[in-house]
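Residue strings, one per chain:
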Amino acid sequence: MEEVHNEVLSGNIHAFYVSREWKDKKKQIRIRDNNLCQRCLGNWSDGKHPIEKIKLTRGTKEKPLYVHHIKPMKDYFELALEDDNLISLCFECHEIVEERTGNRFKPKKKYLTQEKW
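The following paragraphs examine the structure supplied in this document. (Residues numbered from 1 in each chain as written. Predicted model: local features only at pLDDT ≥ 70, side-chain atom pairs only at ≥ 80, totals over all residues. Heavy atoms only, no water.)

## Side note on the overall build of the chain
Test applied: Strands are runs of DSSP state E lasting at least 2 residues, helices are runs of H or I lasting at least 4, and numbering of each runs from the N terminus. With a 1.4 Å probe rolled over the protein chains alone, any residue whose accessible area is under 20% of its type maximum counts as buried; one over 50% counts as exposed, and the rest are partly exposed. Residue contacts are counted whenever heavy atoms from the two residues lie within 4.5 Å of one another. In short, Shrake-Rupley with a 1.4 Å probe defines the accessible areas, and a residue's cover is counted only from the protein chains shown.
In terms of helices and strands, the chain carries four helices and two strands. Start at the N end of the chain and walk to the C end: the helices and strands fall as α-α-α-β-β-α. The buried share among the 117 residues of the chain stands at 31%. Looking at the chain alone, contacts between residues at least 24 apart form 57% of all its contacts between residues at least 6 apart. Summing over all exposed atoms, the chain offers an accessible surface of approximately 8,900 Å²; the carbon and sulfur share of this is 51%.

## Things to note about the nonpolar core
The line we're drawing: In this text, buried Ala, Val, Leu, Ile, Met, Phe, Trp, Tyr and Cys residues form a nonpolar core when linked through side-chain atoms within 4.5 Å.
Core analysis: the biggest nonpolar cluster contains ten residues, these being V4, V8, F16, W22, I29, V67, M73, F77, A80 and L86. Those residues in contact with M73, other than ones at most four positions away along the chain, are I13, F16, Y17 and A80. Counting residues in hydrophobic clusters, the runner-up holds nine residues, among them W44, I87, C93 and V97.

## As for the pattern of salt bridges
For the record, the criterion: Only one rule defines a salt bridge in this text: a Lys or Arg side-chain nitrogen within 4 Å of an Asp or Glu carboxyl oxygen.
Scanning all chains against the criterion turns up five salt bridges. Here D24 makes a salt bridge to R20, at a shortest N to O gap of 3.2 Å. With D24 and R20 both in helix α3 (residues 20-32), this residue pair falls four residues apart, about one helical turn. The salt bridge involving D33 is made with R32; its shortest N-O contact spans 2.9 Å.

## Regarding the state of the cysteines
Our working rule: A pair of sulfur atoms, both from cysteines and within 2.5 Å, is called a disulfide here.
Scanning the model with the defined rule gives zero disulfides in all. Left unpaired, C40 is separated from the closest cysteine sulfur, that of C37, by 3.6 Å. You can see C93 has no disulfide; the closest cysteine sulfur is in C40, sitting 3.6 Å from it.

## Some details on unusual backbone geometry
Note on backbone geometry: most residues besides glycine have negative phi, and most peptide bonds are trans. A positive phi angle is found at N34, which is not glycine, with a value near 55°. Its location among the elements puts N34 in the loop between α3 and β1 (66-69). Even without glycine at this site, E99 takes up a positive phi of about 55°. Within the element layout of this structure, E99 appears in the segment after α4 (91-97). Owing to a relative accessible area of 53%, E99 belongs among the exposed residues under this scheme.

What follows is the structure in structure tokens.
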């Protein structure tokens, strides 16, 4: 894991996210959280973004849950694989918590035929 840490420090965060340790930890956290978004359930809040409506959001094979670092990995690499620093979130909640909301993250409308005029 030391060489992965050095890669992250040099700006290659991708090296962490493709590591065997991270892939195994993601599976473990999703199982711990019963493959449910913990923010949607009302079990977790970042303290900045209130939950408007509690709902049930379950991860699927086609649309798996994100495993979010509560304390950012770039600042707290030593906590990158700690269970207490990881939480399962759906796409929508992850975007809210990461403050990446807006039109650029909404899926683009697909047209059946291309408009040609």
